[in-house]
Amino acid sequence: MSDQNKRPTVLDPRNLSAQLHYRPAGNPPPATLDTTIGNTCPGLEFDFRAAWRTLLTGITLLEHDNLVIAAEPAYAALKGRRLLRVDGKPVITKVIGPSTDLTTTELLTSEDYPEGVITMEWSNGFTDVLRKVGQPVACEFTACPRPNQPEDERISYEQAVKDKNIQTIRLQVRPFFTKDTAAIEPATVPAGVMTQGLCSPWQNDYRECVCYYWASSRPDFVNVDVTPTGEVRGDNWMQRDRSGQYVIDNYTDSRMITYDELFQKWEELLKFQLAGRDAPDSIPLPFPKDPA
Amino acid sequence: MTALSRPLMRQDAFRDGRADTGMPERPGIIDAAALVAASAPRSDALHLLSVDGGDHLLLVDGSRLFRIDADLRGRLERATANGALSDLLDELGLGGPPLINDQPVVDPPLHALSLAVSQACNLGCGYCYAGQGSFGKPPRKMPLDTALAAVERLVNGAPEGGRVTLAFMGGEPLVNRPVIQAATRYAQELASLRGVRVNHSITTNGTLVTPEDGDFFEEFGFAVTISLDGPADQHDRLRPFKDGRGSFDRIMANIAPLLKQQRRMQVSARVTVTPDNLDLPATLDRFIADGFHSVGFSPLLHGSAGRNEMDRGALLVMLDQMVACGAAFERAVLEGRRYPFANLVNALREIHRGTHRPYPCGAGAGYLGVSADGDLSACHRFVEDESGAMGSLSAGIDAVRQNGWLHDRHVHRQEPCRSCWARYMCGGGCHHEVIGSGRLSCEYVRGWLHYCLSAYLRLSDARPGWFAGAPTDPNPAMVP
Ligand code: SF4
Ligand code: SF4
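Residues numbered from 1 in each chain as written. Chains lettered and ligands numbered in written order. Predicted model: local features only at pLDDT ≥ 70, side-chain atom pairs only at ≥ 80, totals over all residues. Heavy atoms only, no water.

S.K.: Give me the lowdown on the side chain of B:S268, citing residues and values where you can.
M.R.: All names here are of chain B. Within the secondary structure, S268 is located in strand β11 (residues 266-273). Note on S268: relative accessible area 12%, which makes it buried. A polar contact is formed between the side chain of S268 and the side chain of S294, at a distance of 3.0 Å. Setting aside residues up to four positions removed in sequence, S268 forms contacts with V224, T225, I226, F292, H293 and S294. (Helix = DSSP H or I, 4+ residues; strand = E, 2+ residues; numbered from the N terminus. Buried < 20%, exposed > 50% of the residue type's maximum accessible area, 1.4 Å probe, protein only. Polar contact = N/O pair within 3.5 Å; in protein donor to acceptor, adjacent residues only side chain to side chain. Contact = heavy atoms within 4.5 Å.)

Quick look at the structure:
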């Protein structure tokens, strides 16, 4: 708003770079696509996986798996099925890597992935499909669960072909961008969807990102020193006593701040980090503590 | 070379002392001086435009273009005058770290080479920067081994799935036809083995082109650029054979089959503008009617021994002429007609994307020239020129020289570019021209860009679909 007259200021982005880099009043600096620390697991400012879930009309996919978890009535039969290929391109792949004894390269299987099959991250799996916005594309699903096959078992495309366990249905590709703009299409990705699953520290959860992926904005290894012998010493960001002896977080160790404490008095317990070290307590809070 | 930096400009009329960028109805009487005034440098952070009575803001950082209202325009002008602009931009959500900083590009990957396959020419153009093709040395041809080594350096250095450009220039490249053909075929072979795509291009004077060349260019999808300086009378004055005979009729007869044949290949005309061939709208109409894929103009700013160079007065005339061409283009787009005026088409595409860069072109970065002897240089014009030397095919790219060039040529280290609103669109001007003659065409560059911005604002309102072409299309500009 213009200060002088409270009429809305007209500032209407006209070209693509103006649309891409615009940061509305109130959004923090990392709120644009080029400054964000967004990633896919599940991301700090954006969780793009949430956007891909509904890229194909009629069905909703799990954000990290090829399972159909919801479907509009016309496609109700697809619920519980697995998407194998779109427009002739696989959305799953086999994981091949070093064997546990590192002597050979082999198909990597596990209890969850008995056939060594994983779903590709959707932004890779859907790369080519995005060129077909508005068009129907052939989607190949598992036709039905095999006898005795648990619903969550991931099967390979080859296996599905062998078992004649494939049904092809044409679904339309929704637009990711609003036509001729760099804005994300709200009909495909409603406001809030890309942030609803975040573990960002400034949402309300300081802890659940167990991979500590957000360390660039909230370092998890602090007060770091390198000793003359080359040893690296420092503190876990959540340990009470800043001893320089890193405490491994096992969710039960009493030397750590608890989850409850984090929720209730984070502003007392957590320190600002300046150049990788705890800032002195004498830095006043920039706002009064909420009495609640 | 990029569209915004290289070529030309345009203008508008004035109303109430403020530039009104309405499309000129009678191009001939447009006052280029008014356009120059409207586009004069006032702020290093923004440029304000008035188009059809509406106000617009170009934010220099990121080439971001906004429609604004008169109230905000006033606030921006006051803040600029009071030195309070950065606070206001922060308040508007337009602050933050700059998208382009002082850091030069370092060790860029190579994606284009131009081979001076022949440092000799059969024409005798007075203005030639290459000294009639030989770059001031005894005339010679590039040996086959040198061309193949260049191909290997280009293709083998590209990542799988990458795309590179192999260009043939000279002198007159077709003097050395067998090497062009062998290098092209070798590039395709190597590229298909490595999963790389190669674009081919050639810049020729057209006098030696045969129908068989047309078949070859078509087979490999060449971008063929013919140097033509206007209709016969103008062209023949500027680009005669060495014995003084005109070359126009011969060239047009030679390329007629190519113009008919082009499907994969694209045959374009490139006009070097001098004070002797300033009737650009007529030239543009003529070449478009002849069937060229596109037609582009470039002012001669640094010629051989200063001959035929454009001075300030001639550049202002050219600005008028370019705007007249632009007006014809705008009419054509509104009527849904194809009108491939390359300068404006390319500028509109770049403005649409918000292209911003700290260099005018890829010279000395991803693009290098190769001399007949296998020496590397910043681009095709720096062949045999120590100021742009970049190593050799045998010894490799001289990283110290290349990184030094990229450091020194960054637009933040150019004057007066550092404070010019056009710096990330212009990039500081062609290195070859600037090093040779200084920056003499800034008024023209800014005037043209101001016109292009206003044309963008008009056309993106009236014909938004025109801009919807896939940005990866190698030549989206020319799609009707
Ligand atoms: S050469 Fe420099 S000063 Fe001149 S128009 Fe380009 S950026 Fe501006
Ligand atoms: S420096 Fe070379 S590549 Fe760059 S604009 Fe000038 S002639 Fe073109």
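Once the structure has been displayed, the description carries forward.
S.K.: An account of the site of ligand 1 is needed here, citing residue identities and associated values.
M.R.: All names here are of chain B. Residues in contact with ligand 1, as listed here, are P416, C417, C420, R423, C426, G428, R439, C442, V445 and R446. Breaking the shell around ligand 1 down by element, the ones donating at least two residues are α13 (423-426) and α15 (442-462). Sort the elements by how many residues they give to the shell around ligand 1 and α15 lands first, with 3 residues. Partitioned by chemical class, the residues of the shell around ligand 1 number 6 nonpolar, 1 polar and 3 charged. (Near = heavy atom within 4 Å. Nonpolar A, V, L, I, M, F, W, Y, C, P; charged D, E, K, R; others polar.)

S.K.: Give a detailed account of the sheet that holds strand β10 (residues 136-142) of chain A, specifying residues and quantitative values.
M.R.: Residue and element names in this part refer to chain A. Pairing in this open sheet of 4 strands is antiparallel, and the strands run β5-β4-β10-β11 from one edge to the other. Of all the strands in the sheet, just β5 (89-90) and β11 (166-172) have a single pairing partner and so form its edges. Examined bridge by bridge, strand β4 (residues 83-86) and β5 share 2 bridges and lie antiparallel to one another. From the neighbouring strand, V86 faces β5, where its bridge partner is K89. (Pairing = 2+ DSSP bridges.)

S.K.: Explain the packing of aromatic side chains to me, using residue names and the numbers behind them.
M.R.: This structure, assessed with the given rule, holds 19 aromatic pairs over all chains. Ring geometry for A:W122 against A:F126: centres 4.8 Å apart, planes inclined by 15°, an arrangement best described as stacked. Taken as a pair, A:W122 and A:F126 share a single burial class, namely buried. With 5.5 Å between their ring centres and 75° between their planes, B:F287 and B:F292 make a pair best called edge-to-face. Three or more aromatic residues joined by ring pairs form one cluster here, namely B:F168, B:F216, B:F217, B:F220 and B:F222. Over the aromatic face of B:F241 sits the side chain of B:R245, whose NZ or CZ is 4.7 Å from the ring centroid. Directly above the ring of B:W466 sits B:R349, whose terminal nitrogen or CZ lies 4.3 Å from the centroid. (Phe/Tyr/Trp six-rings, centres within 6.5 Å; stacked < 30°, edge-to-face > 60°. Lys NZ or Arg CZ within 6 Å of the ring centre and 35° of its normal.)

S.K.: With reference to specific residues and values, describe the confidence of the model for chain A.
M.R.: All names here are of chain A. Counting all residues, the mean pLDDT for chain A is 81, and 76% of those residues have values of 70 or more. For chain A, the element scoring lowest by mean pLDDT is strand β14 (residues 273-274), at 79; β10 scores highest, at 96. Taken as a whole, residues 1-5 scores under 50 in pLDDT and shows 13 contacts with residues more than four places along the chain or in a different chain. (pLDDT = per-residue confidence, 0-100.)

S.K.: Mind laying out the environment of B:T184, listing which residues take part and the relevant values?
M.R.: Residues and elements named next belong to chain B. With respect to the helices and strands, the residue T184 is situated in helix α5 (residues 177-194). Residue T184 is classed as buried on the basis of its relative accessible area of 0%. It is 9.5 Å that separates the C-alpha atoms of T184 and A147, two residues lying 37 residues apart in sequence. Setting aside residues no more than four positions away along its own chain, T184 makes contact with F168, H200, F216, F220 and F222.

S.K.: If you had to explain the side chain of B:H412 to someone new, which residues and values would you point to?
M.R.: All names here are of chain B. Residue placement: H412 occurs in the loop between α12 (399-409) and α13. The exposure class of H412 is buried, given its relative accessible area of 16%. In this structure the side chain of H412 is engaged in a polar contact, spanning 2.5 Å, whose partner is the side chain of Y424. Setting aside its immediate chain neighbours within four residues, H412 contacts I100, N101, D102, R418, R423 and Y424.

S.K.: Could you give an account of helix α9 (residues 280-290) of chain B, with specific residues and numbers?
M.R.: Among the residues of α9(B), B:L280, B:T283, B:L284, B:F287 and B:I288 are the ones counted as buried. Viewed end-on, α9(B) has its buried residues packed into an arc of 125°, placing them on one side of the element. (Arc of directions from axis to C-beta.)

S.K.: Any chance you could break down the packing of helix α10 (residues 312-335) of chain B against α15(B) for me, citing the residues and the numbers?
M.R.: Interaxial distance between α10(B) and α15(B) falls to 10 Å at its minimum, and their mutual angle equals 10°. In terms of axis orientation, α10(B) runs roughly parallel to α15(B). (Axes fitted to C-alpha atoms, helices over the stretch in contact; angles between N-to-C directions. Parallel < 35°, antiparallel > 145°, perpendicular 65-115°, else oblique.)

S.K.: Describe the pattern of salt bridges, listing the residues and the values that go with them.
M.R.: Opposite charge on two side chains permits pairing when their charged atoms draw close. Residue and element names in this part refer to chain B. Counting across every chain of the model gives 32 salt bridges over all chains. Note that E77 and R73 form a salt bridge whose closest N and O atoms lie 3.1 Å from each other. Of this pair, E77 and R73 both sit in helix α2 (residues 70-82), separated by 4 residues, roughly a single helical turn. What makes R73 buried here is its relative accessible area of 8%. (Salt bridge = Lys/Arg side-chain N within 4 Å of Asp/Glu carboxyl O.)

S.K.: Before we move on, can you summarise the confidence of the model for chain B with the specific residues and values?
M.R.: Detailed reading of predicted coordinates is not advised where the pLDDT is low. Residue and element names in this part refer to chain B. Per-residue confidence for chain B gives a mean pLDDT of 89, with 91% of residues at or over 70. Predicted confidence for residues 1-29 stays below pLDDT 50, and this span has 110 contacts to residues more than four positions away or in other chains. Every residue in residues 470-480 scores below 50 in pLDDT, and together they form 20 contacts with partners more than four places removed in sequence or on other chains.

S.K.: An account of the interface of chain B and chain A is requested, with residue identities and associated values reported.
M.R.: The partner chain A presents 22 residues to the 29 residues of chain B that form the contact. For the chain B and chain A pair, buried surface summed over both sides reaches about 2,100 Å², with 50% attributable to carbon and sulfur atoms. In this structure, the connection of chain B to chain A is made through 2 salt bridges. Here A:D12 ties to B:R67 by a salt bridge, and the two come within 3.2 Å at their closest N and O atoms. Of all the secondary-structure elements, those providing two or more residues to the side of chain B that touches chain A are β4 (54-59), β5 (64-68), α2, α11 (342-353) and α15 of chain B. (Buried area = accessible area lost by both parts, 1.4 Å probe.)

S.K.: Outline the nonpolar core, listing residues and values.
M.R.: Counting residues in each nonpolar core, the largest one holds 119 residues, and the members touching the most others are B:L115, B:F292, B:F297, B:F329 and B:F341. Sequence-distant contacts of B:F341, that is, excluding residues within four places in its chain, are made with B:L284, B:V295, B:F297, B:M322, B:C325, B:G326, B:F329 and B:W448. Counting 32 residues, the second-largest nonpolar core is a separate cluster that includes A:W52, A:L56, A:L78 and A:V193. (Core = buried A, V, L, I, M, F, W, Y, C linked by side-chain atoms within 4.5 Å.)

S.K.: Which residues make up the sheet that holds β4(B), and what are the values?
M.R.: Sheet architecture is open: 4 strands sit in the order β1(A)-β5(B)-β4(B)-β3(B), paired in antiparallel fashion. Where the open sheet ends on each side, the last strands, each with one partner, are β1 (11-13) of chain A together with β3 (46-51) of chain B. Here the average twist between neighbouring strands, direction ignored, is 30°. Strand direction decides the pairing type here: β1(A) and β5(B), joined by 3 bridges, are antiparallel. Looking across to β5(B), one finds that A:P13 is bridged to B:F66. Across the sheet, α2(B) is in contact with β1 of chain A together with β3, β4 and β5 of chain B; its angle to β3(B) comes to roughly 150°. Along the sheet, α15(B) makes contact with β3, β4 and β5 of chain B, crossing β3(B) at roughly 55°.

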